[in-house]
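Per-entry structural report
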Amino acid sequence: MNDESSTDFIRDIINHDLETGRYDRVHTRFPPEPNGFLHIGHAKSICLNFGIAEEYGGKCNLRFDDTNPSTEEETYVQSIIEDVRWLGFDWEDRLFFASDYFDQMYEYAVQLVEKGRAYVDDLSAEEIRRYRGTLTQPGTNSPYRDRPVEGNLDLLERMKEGEFGDGEKVLRARIDMAHPNMNMRDPVMYRILRATHHRTGDRWCIYPTYDWAHGLEDSIEGITHSICTLEFENHRPLYDWFLDQLGVYRPRQIEFARLNLTYTVMSKRMLRSLVEGGQVSGWDDPRLPTIRGMRRRGYPPAAIRDFCQRIGVSKSESTIPMELLEHCVRDELNRTAPRYMGVLHPLKVILDNYPRDQVEYMGVENSPEDPAAGTRQVPFSRVLYIEREDFREHPPKKYYRLAPGREVRLKNAYLITCQEAIKEDGEVTALRCTVDPATRGGDAPDGRSVRATLHWVSAPHAVDAEVRLYQRLFTVEDPAGQGRDFKEHLNPHSLRTLTSCKVEPAVRELASVERFQFLRQGYFCVDPDTAGDHLIINQTVELRDTWARISRQMAKNR
RNA sequence: AGCCCCGUGGUGUAGUGGUCUAGCAUAAGAGACUCUGGAUCUCUUGGCGCCAGUUCGAAUCUGGCCGGGGCUGCCA
């Protein structure tokens, strides 16, 4: 499918590597750190890595980068596994952990020490920082930099054996303290850290830093193309240096620009802060761009994959409009979601000329996009609910829904005419209407047409539901980049809870993962908070609303 | 200030010296159709950061400039 269309710069590089024989296969990996939940930015990386492997008939590993036990936990491992799987990808038997390679990494470190390419440093963290110099000034050599190999070997061994306190010593690469690339100024390879690791327990008290470990992990697994984000570009020379010094297999690292989305935040720190600060209900709050949040919101995995495909991949930093994600969700759901009727803001309608105790069952197609989805029977009776917005006592221009004296169609039911609005204290509380019995099913025998078709729910059959409506979490496009506390830009209306919604009975039977359309309203799904009779429904995304746009324009022109 | 990266319609991407009167998607605007003011269909608006150079020919190659971003954790 990608053959006739164009490729991105990463696939160009891979094609080139395959043609020139640098590699004869493609093996990628997705390497999350188990210290948080995955979000849409990770989805981009996941789709890239697994997608490329699939396209080239290669493999993609899922590998946890668990080199820092002080922040990492087993629960994150489980949630990440779940999320990647939910997105639709499979790593077969290739689930790995950086911690699986701790012994090997230590071996490698000993080799570097033996070659005089690494040394144990007694400087404190603070001193190391000072000795590093600045962006414009070269650093200074540590007084311990020229320790003899034997001494280093001995000290490293004793670090490992736990003879020293946390932070007392580190192992450093011996490269160049004047290097213009700060990452090459003798980076730390091992730190002493007494923390229980989620997999290795208390077996180690020294842990490899990311810079030391990451390239080794890719090398050990025989990764051909290590795809990562832009901020690691300056680290690539270091990874290559380590691998070259060791004389081991070298993957090619390719960096791409991470995803930014408007009206949300993507950094782990900010997401965590929202969760812990109680601004959202948890990591799976439907307003969050986390995989779990989007899942609970009702975003289909196929839509997320489609989105990741459409945004492409490049090295230029960009921000994608949230509208594109929503477009992808609508696009997918339009094709796949069955239609139901639900009234969010109920307005009672009494059909004066309809027999009091009569109930008819109307045949309704489940999906106009998919005839194979079949039909269902929806009860219709003398008292109904329609949407409050679908009636106006004094209809504005271009509004062609219900108004006194006006005729509209009730979807798959009858044409009705509004005779009178019943008011209490100036507010419309109910409508008295009449049906044209000759229009059962929704078609008029005389061929007359009506402009509007409304959704409805039979009052005696209606099921009560709580509906949660969501809007963007922030009021500004780039809440993280405003120079102030990003929480100042939280949208106070990001969650609106409607408690007296009336939905057709069939909705009660829907399992919590199913997604559906409420006709003319948008896409929704049942929230897992649903318990017993208390039905809770999440709004996934609104339908495109032309009338809303028209009325907005009219308001502006006035 | 040193090192590294990036610069194509509003947004995101394709384009690898002629076939570029610069493609696609999205957004916006207009219309058609419709038992969802949904979907679908048609049309319209809108772009190669700048300046030199190489060349018969440059979005594409070279140089300079301008603009944006990253790098000074024992985080990843």
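These figures come from a predicted structure and were not determined experimentally.

Structural notes on the confidence of the model for chain A
Scored by pLDDT, chain A has a mean of 95; 99% of the residues are at 70 or more. Both confidence scores are given for the complex: pTM 0.96, ipTM 0.96.

Quick notes on the domain arrangement of chain A
When the domains of chain A are assigned, the result is domain 1 (4-258), domain 2 (268-338 + 465-557) and domain 3 (342-455). Averaged C-alpha coordinates put domain 2 and domain 3 at centres separated by 29 Å. On the side of domain 3, 23 residues touch domain 2, which itself brings 22 residues to the contact. Summed over both partners, the interface of domain 2 with domain 3 buries about 1,900 Å², with 59% contributed by carbon and sulfur atoms. Among the residues domain 2 hides against domain 3, the three largest losses belong to Lys-502, Arg-520 and Trp-547. Together they make up 35% of the total. Taken together, the connections running from domain 2 to domain 3 amount to two salt bridges. For Arg-376, the salt bridge is made with Glu-504, and the minimal N-O distance between the two is 2.7 Å. Between the two partners, domain 2 and domain 3, sit eight residue pairs in polar contact (both at pLDDT 80 or more). Of all the elements in the fold, those that place two or more residues in the side of domain 2 that touches domain 3 are helix 12 (322-336), strand 23 (463-470), strand 24 (495-503) and helix 13 (546-557).

A word on the protein's contact with RNA strand B
Taken together, 68 residues surround RNA strand B, and among them Asp-12, Glu-317, Arg-339, Gly-441 and Thr-546 come closest. Per the 4 Å cut-off to the protein, sugar and phosphate atoms form 61% of the nearby atoms of RNA strand B. The separation between a base nitrogen of RNA strand B and a polar side-chain atom of Glu-369 is 2.9 Å. Measuring from a base nitrogen of RNA strand B, one finds a backbone N or O atom of Lys-398 at 2.7 Å. Contributions of two or more residues to the surface near RNA strand B are made by helix 5 (125-131), strand 6 (188-192), helix 11 (301-311), strand 11 (318-320), helix 12 and helix 13. Among the elements that line the surface near RNA strand B, the one with the most residues is helix 13, at five residues. Of the residues contributing to the surface near RNA strand B, the split by class is 21 nonpolar, 25 polar and 22 charged.

Let's talk about the sheet that holds strand 23
Strand order in this open sheet of seven strands is 12-25-26-27-23-24-13, and the pairing throughout is mixed. Whereas interior strands pair on both sides, the edge strands pair on one side only; in this sheet they are strand 12 (339-340) and strand 13 (342-343). As judged from the seven bridges shared by strand 23 and strand 24, these two strands associate in the antiparallel manner. Bridging across to strand 24, Ala-465 finds its partner in Cys-501.

Side note on the layout of surface pockets
Space left empty within the atom packing is revealed by a probe, the size of a water molecule, rolled over the atoms. For the second largest pocket, the calculated volume is near 920 Å³. Lining the second largest pocket we find 35 residues, and of these His-42, Thr-229, Glu-231, Phe-232 and Arg-258 sit closest to its centre. Broken down by secondary-structure element, the contributors of at least two residues to the lining of the second largest pocket are strand 1 (27-30), helix 2 (40-55), helix 7 (210-220), strand 8 (225-229) and strand 10 (259-261). Take the lining of the second largest pocket: its biggest share by element is four residues, from helix 2. Grouping the amino acids of the lining of the second largest pocket by side-chain chemistry returns 15 nonpolar, 11 polar and nine charged.

Some words on helix 3 (residues 74-87)
Spanning 14 residues, helix 3 covers 20 Å between terminal C-alpha atoms, matching the ideal 20 Å at 1.5 Å per step. Within the sequence span of helix 3, burial applies to Tyr-76, Val-77, Ser-79, Ile-80, Ile-81, Asp-83, Val-84, Trp-86 and Leu-87. Within two residues after helix 3, Gly-88 carries a phi angle of roughly 110 degrees, on the positive side.

Description of a positive patch on the surface
Side chains of Arg-544, Arg-549, Arg-552 and Lys-556 sit close together on the surface and give a patch of like positive charge. Residue placement: Arg-552 occurs in helix 13.

Here's the deal with the side chain of Arg-94
Tracing the sequence through the fold places Arg-94 in the loop between helix 3 and strand 3 (95-97). Here Glu-92 takes part through its side chain, which lies 2.7 Å from a polar atom of the side chain of Arg-94.

Things to note about the packing of aromatic side chains
Scanning all chains against the criterion turns up 21 aromatic pairs. Both rings, one in Tyr-354 and one in Tyr-414, keep their centres 6.2 Å apart while their planes meet at 70 degrees; by these two values the pair is edge-to-face. Separated by 60 residues along the polypeptide, Tyr-354 in the loop between strand 14 (346-351) and strand 15 (360-365) and Tyr-414 in the loop between strand 18 (407-410) and strand 19 (415-424) bring together distant segments of the chain. A residue is classified by how much of its surface remains accessible, and Tyr-354, at 4% relative accessible area, is buried. By the ring-pair criterion, three or more aromatic residues cluster together here, those being Phe-102, Tyr-106, Tyr-190, Trp-204 and Tyr-207.

Cut-off values and rules
- Residues numbered from 1 in each chain as written.
- Chains lettered and ligands numbered in written order.
- Predicted model: local features only at pLDDT ≥ 70, side-chain atom pairs only at ≥ 80, totals over all residues.
- Heavy atoms only, no water.
- pLDDT = per-residue confidence, 0-100.
- Domains from an automatic or database assignment.
- Contact = heavy atoms within 4.5 Å.
- Buried area = accessible area lost by both parts, 1.4 Å probe.
- Salt bridge = Lys/Arg side-chain N within 4 Å of Asp/Glu carboxyl O.
- Polar contact = N/O pair within 3.5 Å; in protein donor to acceptor, adjacent residues only side chain to side chain.
- Helix = DSSP H or I, 4+ residues; strand = E, 2+ residues; numbered from the N terminus.
- Near = heavy atom within 4 Å.
- Nonpolar A, V, L, I, M, F, W, Y, C, P; charged D, E, K, R; others polar.
- Pairing = 2+ DSSP bridges.
- 1 Å grid on protein atoms, 1.4 Å probe; cavity = no way out; pocket = protein on both sides within 12 Å on 5 of 7 lines; lining within 4 Å.
- Points joined across faces, edges and corners; volume = space filled by probe spheres on them.
- Expected span 1.5 Å × (residues − 1).
- Buried < 20%, exposed > 50% of the residue type's maximum accessible area, 1.4 Å probe, protein only.
- Patch = residues over 30% accessible without salt bridge, like charges linked within 9 Å, V, L, I, M, F, W, Y side chains within 5 Å.
- Areas by Shrake-Rupley, 256 points an atom, 1.4 Å probe, with all protein chains shown as cover.
- Lys, Arg positive; Asp, Glu negative; His and termini not counted.
- Charge placed at Lys NZ, Arg CZ, Asp CG, Glu CD.
- Phe/Tyr/Trp six-rings, centres within 6.5 Å; stacked < 30°, edge-to-face > 60°.

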